[in-house]
Amino acid sequence: MALNKWRCLAVFLILVTKCGADYSCLCNYNIELPVHSSATAQDAAIGYMYEFDCKPVVSAAPAVPAGWKTIAFEHQLGYVEMGGQVEEQVCPGVKPDTDRLITTQPPTTPKPTTSSTTPIATTRTTTSISTTTSTRKPTTTPTTTTTPTTPTTTIATSTTPQETVTTAAATTARVTATTFMPIFSNNTPLRLVTTTSAPPSVTYGNTNLCPAILHQYTREDQGALQQYGGYCYEIVPIRAIWAKAENDCRAKGGHLVHIDSTGLQTFVYQWIKSLQFDHACWTGLHDLHAEEHFEWISGDHVIYQNFFSDRYGNLASHWNENCVLLVPYAPYYGKWDDVICGQPGLLGDTGQQNPFICEYKIQAQHASPLIG
């Protein structure tokens, strides 16, 4: 009898805890729904809710016009216009940390003390991430280390420095950065890129064809997403050596971009220029296995090349320049150049570190072995 009493009490407490953790949320079932900085459609969007996204409703916010809801969106208040396929629901569990509103505490006056103080060296904490391969995104286990305050881009790895492609599982997949490249000066999402070189049969500029998970990766990377033919493409504005860039693309279900036609080359180049992102970007082309025998890391056949005419300018080191960049600025204007791929090391990565372009086959499985 006593045992049954305790069981009933335990079930009651679990139900109370679960119910207390639920929260009111707004769920979107449209392909894309803009989130505004105020309750008016004329204001610029601060972000988007994609299909099946749900965000916490902020009931304590100031009143808004009829037909609008206030939500917590990436640590700030956002305003969504209600319409078809937008529903207020009850979401289970606790509110995601990514959407919790940031509140500031009033400053407190410290109590006076008579003890002497010792100056403390300014430090910053960075997080290195080790990962293991999974069917979607690698599982991450954060560890914390303390380093000097000099801002640097940290890309964690423990792989053995080498310039060869292997199939051994790397200890890191997603690249991380303490600082991103400068944000795109053109922040308006690119909906359509027109190019006279694109074959009429190629569909392009429709990011609605890209899975919702790719939109999420792009937001996390602070990058840009586009579609051309059977692929979606992401510009990742984080500096990384070539191998780590490829690992990042693979962890998200893709590869570094392979370009197999004048149409795709023109499309990618015009896209980069429309974003005013004048930085050389890694592609998946390399000649790591044999000098001047180029291969796409994706395994696609090399049927098109667009090298800069003066890429042999530095003959002394050309033999060690094995990974290929697409360079949008003068005098290249989208031409390709092979440079040193870079290597990981105990004191930091060496060699070229550049932003990169990932490609994802539409409806492809998000799983692939990593390179070391």
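You'll find the structure just up there.
Each chain has its residues counted from 1, following the order in which its sequence is written. Selection of residues for local features in this predicted model requires a pLDDT of at least 70, selection of side-chain atom pairs for listing and counting requires 80 or more, and totals for whole chains, interfaces and linings are taken over all residues. By convention in this description, side-chain values take in all heavy atoms of the structure and omit both hydrogens and water.

Peer 1: With reference to specific residues and values, describe the overall build of the protein chain.
Peer 2: Every helix listed is a DSSP run of H or I at least four residues long, and every strand listed is a run of E at least two residues long, numbered separately from the N terminus. Helices and strands together make up the secondary structure of the protein chain, namely 4 helices and 17 strands. Partly exposed describes any residue whose relative accessible area lies between the buried limit of under 20% and the exposed limit of over 50%, with all areas from a 1.4 Å probe on protein chains only and scaled to the type maximum. When burial is assessed residue by residue, the protein chain has 40% of its 372 residues classed as buried. Contacts were defined at the residue level, with two residues in contact if any of their heavy atoms lie within 4.5 Å. Long-range contacts, defined as pairs at least 24 residues apart, comprise 68% of the intrachain contacts of the protein chain with a sequence gap of at least 6. For the accessible areas, the method is Shrake-Rupley and the probe is 1.4 Å, while residue cover comes only from the protein chains on display. For the protein chain, the exposed area adds up to about 20,400 Å²; of that, 57% sits on carbon and sulfur atoms.

Peer 1: Account for the pattern of salt bridges, with residues named and values stated.
Peer 2: Oppositely charged side chains can pair when the atoms bearing their charge come close. Just to be clear on terms, a salt bridge is a Lys or Arg side-chain nitrogen sitting within 4 Å of an Asp or Glu carboxyl oxygen. Tallied over the full model, the rule gives 9 salt bridges. Salt-bridge contacts for aspartate 221 lead to lysine 252; the nearest nitrogen and oxygen are separated by 2.8 Å. On the criterion of sequence distance, the pair formed by aspartate 221 in helix α2 (residues 212-221) and lysine 252 in the loop between α3 (242-251) and β12 (255-256) is long-range, its members being 31 residues apart. We note that aspartate 221, like lysine 252, is buried. The closest approach of N and O atoms between arginine 250 and glutamate 246, which form a salt bridge, is 2.5 Å. One end of the pair is arginine 250 and the other is glutamate 246, both in helix α3 and 4 residues apart, which spans about a single turn. Taken together, the shared-partner salt bridges in this structure form one network comprising Asp221, Glu234, Asp248 and Lys252.

Peer 1: Lay out α3 in plain terms, naming residues and giving numbers.
Peer 2: With respect to burial, α3 is a largely interior element, 9 of its 10 residues being buried. Each element contacted by the buried residues of α3 is listed here: α2, β11 (231-240), β12, β13 (281-286), β15 (323-326) and β17 (354-361). Looking one or two residues beyond α3, the residue adopting positive phi is glycine 253, at roughly 95 degrees.

Peer 1: Pulling in residues and values, what's your account of the state of the cysteines?
Peer 2: By disulfide we mean two sulfur atoms from cysteines, separated by a distance within 2.5 Å. Considering all chains together, one arrives at 4 disulfides under this definition. Paired through a disulfide, cysteine 210 and cysteine 232 show a sulfur-sulfur distance of 2.1 Å. Taking the torsion about the sulfur-sulfur bond, which here is approximately -105 degrees, the covalent link between cysteine 210 and cysteine 232 counts as left-handed. Here the residue cysteine 210 occupies a position in the loop between β9 (139-148) and α2, and cysteine 232 occupies one in strand β11, the gap between them amounting to 22 residues. A single burial state applies to cysteine 210 and to cysteine 232, both of which are buried. Between cysteine 249 and cysteine 358 runs a disulfide, and the two sulfur atoms are separated by 2.0 Å. With the S-S bond torsion at -80 degrees, the cross-link from cysteine 249 to cysteine 358 turns out left-handed. Note that cysteine 249 is positioned in helix α3 and cysteine 358 in strand β17, a separation of 109 residues in sequence. The class for cysteine 249 is buried, based on a relative accessible area of 0%. Taking the relative accessible area as the measure of exposure, cysteine 358 reaches 0% and is therefore buried.

Peer 1: Outline the pairing of strand β1 (residues 23-28), supporting the account with residue identities and numerical values.
Peer 2: For β1, the buried fraction is high: 5 of the 6 residues fall into the buried class. As defined by bridge partners, β1 adjoins strand β7 (residues 86-91) across 6 bridges and the pair is classed as antiparallel. Bridge pairing in β7 links cysteine 25 to glutamine 89. At least two bridges found by DSSP between two strands are what make those strands a pair. Taken together, the 3 bridges between β1 and strand β4 (residues 54-56) define a ladder with antiparallel strand orientation. Directly across from cysteine 25, in β4, lies its bridge partner proline 56.

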